[in-house]
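What the coordinates show
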Amino acid sequence: GMDIVGDLAVPWPGPNACGTEECPLALSSLAWVVDLGRGTAVPSDLPAATAAGQVAGVPGPTGLPRVFVRAGLVQSADEAEVRLGREAWICELNEESQMACQPIGEMAARSGRFLAAGVCLTEASGGLCQEYLILGGNTQGGAFAELYSAQSDTLTSLTPLSGVPDTLFGAVAVNVDGRIVTVGGGSQPRKADVAPMRFTVDAANGTIRGETLPLSQEQVAPLQRLFHSATALLGGRDILVAGGLDATLVPTRSATVLRFDGDT
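Residues numbered from 1 in each chain as written. Predicted model: local features only at pLDDT ≥ 70, side-chain atom pairs only at ≥ 80, totals over all residues. Heavy atoms only, no water.

1. Quick word on empty space enclosed by the protein
- Under the defined criterion, the tally for this structure stands at one cavity of 30 Å³ or more.
- In this structure, the largest cavity spans a volume of roughly 30 Å³.
- Residue composition of the lining of the largest cavity, by class: five nonpolar, three polar and two charged. (1 Å grid on protein atoms, 1.4 Å probe; cavity = no way out; pocket = protein on both sides within 12 Å on 5 of 7 lines; lining within 4 Å. Points joined across faces, edges and corners; volume = space filled by probe spheres on them. Nonpolar A, V, L, I, M, F, W, Y, C, P; charged D, E, K, R; others polar.)

2. A closer look at the layout of surface pockets
- Roughly 180 Å³ of volume is contained in the largest pocket.
- Lining the largest pocket we find 17 residues, and of these Leu 30, Ala 31, Leu 46, Val 55 and Val 69 sit closest to its centre.
- Only β3 (30-35), β5 (49-51), β6 (54-58) and β7 (66-70) provide two or more residues apiece to the lining of the largest pocket.
- Among the residues forming the lining of the largest pocket, the class breakdown is twelve nonpolar, four polar and one charged. (Helix = DSSP H or I, 4+ residues; strand = E, 2+ residues; numbered from the N terminus.)

3. Side note on the sheet that holds strand β22 (residues 255-259)
- One open sheet accounts for three strands, arranged β20-β21-β22; its pairing is antiparallel. Only two strands of the sheet have a single neighbouring strand rather than two, namely β20 (229-232) and β22. The sheet shows a mean angle of 20 degrees between the axes of neighbouring strands, taken without regard to direction. (Pairing = 2+ DSSP bridges. Axes fitted to C-alpha atoms, helices over the stretch in contact; angles between N-to-C directions.)

4. Quick notes on the pattern of salt bridges
- Counted under the stated rule, the structure contains seven salt bridges.
- Ionic pairing is found between Asp 35 and Arg 38, a salt bridge with its closest N-O pair at 3.6 Å.
- Overall, the relative accessible area of 52% leaves Arg 38 in the exposed class.
- Here Glu 146 makes a salt bridge to Arg 113, at a shortest N to O gap of 3.4 Å. Note that Glu 146 is positioned in strand β14 (residues 145-149) and Arg 113 in the loop between β11 (99-103) and β12 (117-123), a separation of 33 residues in sequence. (Salt bridge = Lys/Arg side-chain N within 4 Å of Asp/Glu carboxyl O. Buried < 20%, exposed > 50% of the residue type's maximum accessible area, 1.4 Å probe, protein only.)

5. Observations concerning the nonpolar core
- One finds Leu 133, Leu 135, Phe 144, Ala 145, Ile 180, Phe 199 and Ile 208 to be the most contacted residues of the largest nonpolar core, which totals 18 residues.
- Residue assignment for this core shows that the elements contributing at least two residues are β12, β13 (129-135), β14 and β18 (197-202).
- A total of three residues in this core trace back to one element, the largest contributor, which is β12.
- In this structure, Phe 199 is in contact with Leu 135, Phe 144, Pro 165, Ile 180, Thr 182, Ile 208, Arg 209 and Gly 210, ignoring residues within four places of it in sequence. (Core = buried A, V, L, I, M, F, W, Y, C linked by side-chain atoms within 4.5 Å. Contact = heavy atoms within 4.5 Å.)

6. With respect to a nonpolar patch on the surface
- Together, Leu 30, Trp 32, Val 34 and Leu 36 make up an exposed nonpolar region whose accessible area comes to about 480 Å².
- Looking at the secondary structure, you find Leu 36 in the loop between β3 and β4 (40-45). (Patch = residues over 30% accessible without salt bridge, like charges linked within 9 Å, V, L, I, M, F, W, Y side chains within 5 Å. Areas by Shrake-Rupley, 256 points an atom, 1.4 Å probe, with all protein chains shown as cover.)

7. What to know about the sheet that holds strand β16 (residues 172-176)
- Taking strand neighbours across the sheet as the criterion, the eight strands line up as β12-β13-β14-β15-β19-β18-β17-β16 in an open arrangement whose pairing is mixed. The outermost strands of the open sheet, each flanked by one partner alone, are β12 and β16. The sheet shows a mean angle of 30 degrees between the axes of neighbouring strands, taken without regard to direction.

Purely spatial values, then, with no claim about function.
Structure (C-alpha cells):
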C-alpha cells in the first residue's frame, strides 16, 4: 500500500507500524529472462530500481525479441526516496538471454506512473507486441494514457477525449477481440471504486476515448477489485476475473466471467 504525495510514493502503513524496527522500502533493479526451452533464468540489471511497472516483448530489427519496460515506482540510488517513475527503456536481448537497456525519448514531460494498466494494442508475428497501451497510474493532471510503438521506438502521450477518467490505479487491462477493457482499479491507489470500462484508441491522431460498460450495480460490485487477474478467454468474448482484494480491501476467492454479446 502506498500513499501518493505530489510525485513521491510514501509507504503505508508508516514505519511506526513495525514496532521498534524501521521498515525501509528497497526496490530491486533485477530483471530475469526465463527461457522455457533451455530451462534457464538469466538475471540482468535495469538502469534503475523499479516496481509496479509494465513489461512487453516487442519485435526488433535483428530478429531477436526486445523488451519494452515502462517504469512504475522508481527509487534513487541512495534509497532516499521512492517516486512515481517517468522512465521507459527498450532492452535488447542477446543469445545468452542477457538484457542491455537504453532510455526511450525524453522523460521530463511524461507523467509519473504507479499501478498503471498495460495491454498489447496490436500484435506482431510470434506473439510479440507492435503497439503497447498504458492506462492510468498517473497523478491528477498527468496524461492518462501512453502508446508505445515498436516500429518507431517512441512513447507518446495520448490526448483524452470523452469518457476518459482523470486517474485509474490498479486496474487490469485486456484486449478482447479488439476491445480494450479495464476491470477493477480505483480513483486512488487504495480504492476499488471503478466500474469496468472500454477504451478506443486512435493511434493516427493520438487520441483515446472511454466509456463505462453498461452493467447494473449488482453486476459491477463483484468486479470492483485490486491486485486481481483478468484474462481474455479463447473465443474472443469472455474475460475471467479472479482473486485479488474486493471493494473492502479484503482478499477474495471469488471469480466472475464478464461476457460480451456483440458490443453489449
